[in-house]
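A closer look at the structure
Spelled out from the first residue to the last, the chains are:
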Amino acid sequence: MPRRFNLFLLSAILTLAADQLSKLWARKELVFGRGVPFFGGFWDWELSYNTGSAFGLFQSMDGARIGLSVVGVVACVAILVFLYRTPDERGWIANAFGL
């Protein structure tokens, strides 16, 4: 397997693991609707759930989940095509795609 694919997989797996572990921690340690001061009170961490996509967009639209899933699958295929066409010496691009 070319080096760029290894870099991509490593970045993608570490990013997914960090995302899921942080969500697991939040569901376990935070109380819904109750802020916890963080960073000297600069901001609060608060457990909330997003039923839509980014910033709650499309949450009340029928078929939005299917449409956004199709967009996500197309984006993943495009990333893999770009990754396939990227030279191995550009490892930073593979890391960026993995993120």
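Thresholds, definitions, all that
- Residues numbered from 1 in each chain as written.
- Predicted model: local features only at pLDDT ≥ 70, side-chain atom pairs only at ≥ 80, totals over all residues.
- Heavy atoms only, no water.
- Helix = DSSP H or I, 4+ residues; strand = E, 2+ residues; numbered from the N terminus.
- Expected span 1.5 Å × (residues − 1).
- Buried < 20%, exposed > 50% of the residue type's maximum accessible area, 1.4 Å probe, protein only.
- Contact = heavy atoms within 4.5 Å.
- Axes fitted to C-alpha atoms, helices over the stretch in contact; angles between N-to-C directions.
- Left-handed = near helix turned anticlockwise from the far one by under 90°.
- Nonpolar A, V, L, I, M, F, W, Y, C, P; charged D, E, K, R; others polar.
- Phe/Tyr/Trp six-rings, centres within 6.5 Å; stacked < 30°, edge-to-face > 60°.
- Patch = residues over 30% accessible without salt bridge, like charges linked within 9 Å, V, L, I, M, F, W, Y side chains within 5 Å.
- Areas by Shrake-Rupley, 256 points an atom, 1.4 Å probe, with all protein chains shown as cover.
- Salt bridge = Lys/Arg side-chain N within 4 Å of Asp/Glu carboxyl O.
- Core = buried A, V, L, I, M, F, W, Y, C linked by side-chain atoms within 4.5 Å.

Taking 1.5 Å of rise per residue, 27 residues should cover 39 Å, and helix 1 (residues 3–29) covers 39 Å from first to last C-alpha, within 8% of that figure. Turning to helix 1, its buried residues are Arg4, Phe5, Leu7, Phe8, Ser11 and Ala26. Contacts made by the buried residues of helix 1 are with helix 2 (64–85) and helix 3 (91–98).

Let's shift gears to the packing of helix 1 against helix 2. For the pair helix 1 and helix 2, interaxial distance at closest approach is 9 Å and the crossing angle is 145°. Read as a crossing pair, helix 1 and helix 2 show a hand that is right-handed. On helix 2, the residues that touch Arg4, Phe5 and Phe8 of helix 1 are Ile79, Leu80, Leu83 and Tyr84. Residue composition of the contact of helix 1 with helix 2, grouped by class: six nonpolar, no polar and one charged.

What follows deals with the packing of aromatic side chains. Per the stated rule, a full pass over the model turns up three aromatic pairs. Aromatic pair phenylalanine 82 and phenylalanine 97: ring centres 6.5 Å apart, planes at 25°, arrangement stacked. Residue phenylalanine 82 is found in helix 2, and its partner phenylalanine 97 is found in helix 3; the two are separated by 15 residues along the sequence.

As a further point, take the environment of leucine 9. Structurally, the position occupied by leucine 9 is in helix 1. Note: C-alpha distance between leucine 9 and phenylalanine 97 (88 residues apart in sequence) is 9.4 Å.

Let's shift gears to a nonpolar patch on the surface. On the surface, a nonpolar cluster with roughly 670 Å² of combined accessible area is contributed by Trp25, Val36, Phe39, Phe42, Trp43 and Trp45. Take phenylalanine 42: it is sitting in the loop between strand 1 (36–38) and strand 2 (43–45). Given the relative accessible area of 64%, phenylalanine 42 is considered exposed.

Listed in full, the five residues of the largest apolar core are Phe5, Leu7, Phe8, Leu83 and Ala94. Sorting elements by how many residues they give to this core places helix 1 first, with three residues. With residues up to four places along the chain from it excluded, the contact list for alanine 94 reads Arg4, Leu7, Phe8 and Leu83.

Read these as geometric descriptors, not functional statements.
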